[in-house]
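If you want the building blocks of each chain, they are given just below.
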Amino acid sequence: MESPAEIIQHTAGGAIGLSWLMIVLPLLGALILLVLNRRTDRWGHLLGVAMSLASFVVAVLAFVELLGLGEAERRQAVHLYEFIPGMVDMGLLIDPLSISFALLITGVGSLIHIYSIGYMSHDPDRRRFFAYLNLFVAAMLLLVLSDNYVGLFIGWEGVGLASYLLIGFWQFKPSAAVAAKKAFVVNRVGDLGLLVGMFIVWTSFGTLAFADLGTKVGTASDGTLTAIGLLFLLGACGKSAQLPLQSWLLDAMEGPTPVSALIHAATMVTAGVYLVVRSGGFFFPEGSPQALAVAIVGAATLLAGAIIGCAKDDIKKGLAGSTMSQIGYMMLGAGLGPVGYAFAIGHLITHGFFKANMFLGAGSVMHGMNDEVNMRKYGGLRKHMPITFVTFLVGYLAIIGFPLLSGYFTKDGIIETAVHHQPVLGWLAVLGAGLTGFYMSRMVFMTFFGEKRWDKDAHPHESPAVMTWPLIILSIGSLFLGGYLILSNRLMLWLSPAVGRPEVLPEFHFLSTPGLATLGLVAVGAAFAWMRYGRATVPVVAPRGSFLTTFARRDLYGDAINESLLMRPGQWLTRFAVYFDNRGIDGLVNGLAAGIGGSSGRLRRLQTGFARTYALSILIGAALVTGALLLVGNI
Amino acid sequence: MGETITFWVLAVISVGAALGMVFNRKAVYSALMLGTVMLCLAVLYAVQEAPFLAAVQIIVYTGAVMMLFLFVLMLVGVDSSDSLVETLRGQRFWAAIAGLGFAALIVLAVGNAVFSTQAGLAAATAQGGYIRSIALLLFTKYVFAFEITSALLITAALGAMVLAHREREEKKVTQKEQSRARFLGDRPSPLPGPGTYARNNAIDMPALLPDGSVAESSVNRYIARYDVERGLLPEDPKLAEAIKHRAEEESK
Amino acid sequence: MTTHYLILSGLLFAIGAIGVLTRRNAIVVFMCVELMLNACNLAFVTFARQVGNLEGQIIAFFVMVVAAAEVVVGLAIIVTIFRTRRSASVDDVNLLKY
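Residues numbered from 1 in each chain as written. Chains lettered and ligands numbered in written order. Predicted model: local features only at pLDDT ≥ 70, side-chain atom pairs only at ≥ 80, totals over all residues. Heavy atoms only, no water.

**Details of the UniProt feature "domain: NADH:quinone oxidoreductase/Mrp antiporter transmembrane" (unreviewed entry) in chain A**
Selection criterion: UniProt positions are given in the numbering used here, feature names are shortened, and annotations may be inferred rather than shown by experiment. In DSSP terms, a helix is any run of H or I states spanning at least four residues, a strand is any run of E spanning at least two, and both are numbered starting from the N terminus.
Under the UniProt annotation, the feature "domain: NADH:quinone oxidoreductase/Mrp antiporter transmembrane" (unreviewed entry) is placed at residues 146-436 of chain A. Note that residues 146-436 of chain A is 77% helix and 0% strand, and that its end C-alpha atoms are spaced 35 Å apart.

Pasting the structure below:
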């Protein structure tokens, strides 16, 4: 394989030199919106959109400038300032990987900003929403652009904070508040992994900068690398909702739909994939146990997410399950080494488009259906929301891997590579694709086809242009982006300065065995969904269903496992600690105090007030002293 | 030899007197016993080449301090004698244990100590004699302490005055007011003197008025009470009746 | 002879102490204190002669002065207390307690 290019210090100005503006602009927007508060109610959303768009423009300019450089010079480090003197320099790394992310974040992010103008138009706190969105964009950009793990971690925590604020945006709903808290807590577990991993990196190599790690990483033992890799994987699992830290993502759908589209589908949840790919050259060498662990986690999650998606009646939760599943594909790809990185990142980008597209489509449906999320109360919406329907359909076809659409190329790329390198995991991924075909078809059929099962006061209507135009743009991306990136290995060649590339470039086979198997299973899944939900009547109240259905509806008992494995023992522990504190520590302290108090109360009685008693004790004392002196013999 | 005899005599007397002081119920007797001890000690001082101290002991202690004690006893009440019942539990027992134990320890310590022959004060008083030597020490080496004792004495005198002083709470009755009250009262004239027409001239015998009746007010109330209490009433029933009546008046 | 004087002094002191502890009349207690002071003075005078130094007598002299001042103030206090409480018993003055 070819290793990545050297990181060179960027000296010239230009768009790359100004790339810090990408982060600062949305941060400034968030600051202005939060500080000026209600005074910005009227124009706050416009400022938010403007800042996001400005950031996008800078990203595009930097991208263009990067394209103009030779392949060996495409890793430009921009030094900003000394963060911790002598230890950490804060700087940005502009390379194909980070700029791809930046384009995705600012591009899709801007579209979602625009969409939110319409979606949140009735919300009195729209300005605050845009402030948080801007904060998120800034943090996410810091995460992907930073040239060291410290900056990455700050961004990592920043997106966690923004995610928390946005999931709990409607904090008056107890469910939203609880979901936000859950996301925050579960993410902390992953963050701890990342943090401890960083500690080990620091103690082992004395640096956290990507530029220095490349040369120093060879000095460490395999055990150290495995420890770091597994800890980073834990961090990635937390942020990307992979098993076993997946439970927060489904609840996170309590947030406004644009949030689900931006943070919990397109960008933030892919940060784990970014972490693995970015650290791939250092801590996940091909064939190492930690890389295998990444692939296994990915494969397990893609199946789990797909199974959950099959049973959810809540359209957003169905999509959330799908997101889990698709990120599972990315992790699987990332676990395969440089040969899979390009497909993982490609799937990440196309997924960012079509999943954001579908989430926004779902938001558009909800917008027209009085915020109803239960798909059993939809049905036959295609005539009432034609644009939403068409764009959603494009996203749907893309995700199930309909030939020649975006998802087809990127997902099949991952599956083929996986079948080639890890056959077991690869065939599991094929199975997952079949499940994807089923649950996504189910979603489309239940929502847009069949008879109307609406509530009485529902008056479905198409959303305003400010919401449909982002859908259209995203669906165009969902149509063609995948083919453009994967065919003739464009993305792999483009990314190779950042992540390296295999010696032999893979060829895309349109008629490979796994590809055909995938298509066949997807078709079976879709047909099954048509029989169950397209042709047949969908009951408005969910039937009890089999054991498997319940299993999937309950999120594979993820919450139950967490409760019984972590929460209850934790509660027992705390109860014991409280008991110990009350009885043991407090008992000791209080007992000591009570003992002293009691004995003092008794000693107090010696103060009788009778001068003669005192005189007696004085005389006895004098006698004792005299006796002691006599005994000692000094008298 | 003379000193030994003197010591033993005085030691026995002083210890006896001290014990008497402690165990006597009446405070006045205790004071007299203390005076005895002090006089004995004064003699012992004199025997031990301390004539100046002996004089001071007699003048200051026996003369001034003891008189002060007696004076206060008069103020507080001579008659009052302590109750013998001990109110504090175990006080006497432990006091005896501690006191005797302390005494035993002292005796043990002193008895065990080996003293060289007495140096005597002859050398110390060789220059200019005893009184000069004392004065020399007092007004040179100890002059500062000596002056401070003067401050102490003045402070003590002031303190005693402040403590014993009682603020007059009502206006002083003038002679004019007294005289007016007397003439407005029942009897402007002085009370009749006792025994004026009595068969024996005694102050506890009421006077007889010209008509032969008894003048009750001529006998002092306290004396009347004294007579009744001691059963010293005269034989004449009329007079005895008058004294009893007078005593009852007093007790009202 | 020194030993005899000192033992006499110790005996008088102990008797005075027992008196202080057992008598309740404040004036008698005071007398016992005086007795103890006198016992000390006797020891001082004895030691003065024993070591051939006049300073013991000087100290005894100061003790007398201080005792005189103490008696003046103490008796004034007793009179004041007696005036307000109609009692000279040391046990009656026991309000300063637990």
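**Thoughts on the domain arrangement of chain A**
Note the cut-off: Domain borders in the structure are assigned automatically or taken from a domain database.
Assigned domains of chain A: these are domain 1 (343-553), domain 2 (561-603) and domain 3 (605-635). Placing the centre of domain 1 of chain A and that of domain 3 of chain A at their C-alpha centroids yields a distance of 97 Å.

**A word on the packing of helix α12 (residues 271-283) of chain A against helix α15 (residues 338-368) of chain A**
In helix packing, the relevant descriptors are the interaxial angle and the interaxial distance, both defined with respect to the helix axes. Residue and element names in this part refer to chain A. Going by this rule: Angles shown run from 0 to 180 degrees and are taken between the N-to-C directions of axes, each axis being a line fitted to C-alpha atoms and, for helices, limited to the stretch in contact. For classification, angles of less than 35 degrees are called roughly parallel, those exceeding 145 degrees roughly antiparallel, those between 65 and 115 degrees roughly perpendicular, and all remaining angles oblique. By definition, any crossing whose near helix is turned counterclockwise from its far helix by less than a right angle is left-handed, and any crossing with a clockwise turn is right-handed. Residues count as neighbours in contact if any of their non-hydrogen atoms are within 4.5 Å of one another.
Orientation of α12 relative to α15, taken along the N-to-C sense of each, is 155°, at an axis distance of 11 Å. When the axis of α12 is compared with that of α15, the two are roughly antiparallel. Every pair of crossing elements has a handedness; the one defined by α12 and α15 is left-handed. In contact with Val-273, Val-276, Val-277, Gly-280 and Gly-281 of α12, α15 contributes Tyr-341, Ala-344, Ile-345 and Leu-348.

**Re the sheet that holds strand β1 (residues 8-9) of chain A**
All names here are of chain A. Applicable threshold: Should DSSP find at least two bridges between two strands, the strands are regarded as paired.
Pairing in this open sheet of 3 strands is mixed, and the strands run β1-β2-β3 from one edge to the other. Edge positions in the open sheet fall to β1 and β3 (88-94), since each of these has one partner strand only. Note that strand β2 (residues 76-84) and β3 share 7 bridges and pair antiparallel. The residue bridging Ala-77 from the neighbouring strand is Leu-93, located in β3.

**Comments concerning the side chain of Ser-512 of chain A**
The following threshold applies: Counting of polar contacts relies on pairs of N or O atoms within 3.5 Å, with two restrictions inside protein: one atom must be capable of donating a hydrogen and the other of accepting it, and residues adjacent in sequence are counted only when both atoms are side-chain atoms.
As for its placement among the helices and strands, Ser-512 of chain A is situated in the loop between α20 (490-499) and α21 (513-535). Looking at Ser-512 of chain A, its side chain comes within polar contact range of the main-chain nitrogen of Gly-515 of chain A, at 3.2 Å.

**Some thoughts on the interface of chain C and chain B**
Note: interface size is frequently given as the accessible area lost on complex formation between the parts. Counted only if it meets this: Buried area is understood as the total, over both parts, of accessible area removed when two parts are fitted together, assessed with a 1.4 Å probe. Within this document, salt bridges are pairs made up of a side-chain nitrogen of Lys or Arg and a carboxyl oxygen of Asp or Glu, the two lying within 4 Å of each other.
On the chain B side, the residues contacting the 66 residues of chain C number 85 residues. Here chain C meets chain B over a buried area of about 6900 Å², counting both sides, of which 74% is carbon and sulfur. Three residues stand out in chain C for area buried against chain B, namely Met-31, Arg-49 and Leu-54 of chain C, and they jointly supply 11% of the buried area on that side. Across the chain C-chain B interface, the total number found is 3 salt bridges. A salt bridge links Arg-49 of chain C to Glu-49 of chain B, with the nearest nitrogen and oxygen atoms 3.9 Å apart. Taken together, the connections running from chain C to chain B amount to 17 residue pairs in polar contact (both at pLDDT 80 or more). At the level of secondary structure, the elements contributing two or more residues to the side of chain C that touches chain B comprise α1 (2-22), α2 (26-51) and α3 (55-85) of chain C.

**Looking at unusual backbone geometry**
Glycine aside, residues mostly have negative phi, and peptide bonds are mostly found in the trans state. Cis geometry is found at the peptide bond from Leu-243 of chain A to Pro-244 of chain A, where omega equals 5°. Structurally, the position occupied by Pro-244 of chain A is in the loop between α9 (222-240) and α10 (247-251). Despite not being glycine, Leu-404 of chain A shows a phi value in the positive range, around 75°. Among the structural elements, Leu-404 of chain A can be located in the loop between α16 (386-400) and α17 (406-421). One non-glycine residue, Glu-49 of chain B, lies in positive phi territory at about 55°. Tracing the backbone through its elements, the reader meets Glu-49 of chain B in the loop between α2 (27-47) and α3 (51-76).

**Digging into the interface of chain B and chain A**
This is how it is decided: Under this grouping Gly is polar, as are all residues other than the nonpolar Ala, Val, Leu, Ile, Met, Phe, Trp, Tyr, Cys and Pro and the charged Asp, Glu, Lys and Arg.
Across the contact, 12 residues belong to chain B and 12 residues belong to chain A. Contact between chain B and chain A buries roughly 1000 Å² in total, counting both sides, with carbon and sulfur atoms accounting for 77%. Viewed at the interface, chain A and chain B are joined by 0 salt bridges. Where chain B packs against chain A, one counts 1 residue pair in polar contact (both at pLDDT 80 or more). Residues of the side of chain B that touches chain A, tallied by class, amount to 8 nonpolar, 3 polar and 1 charged.

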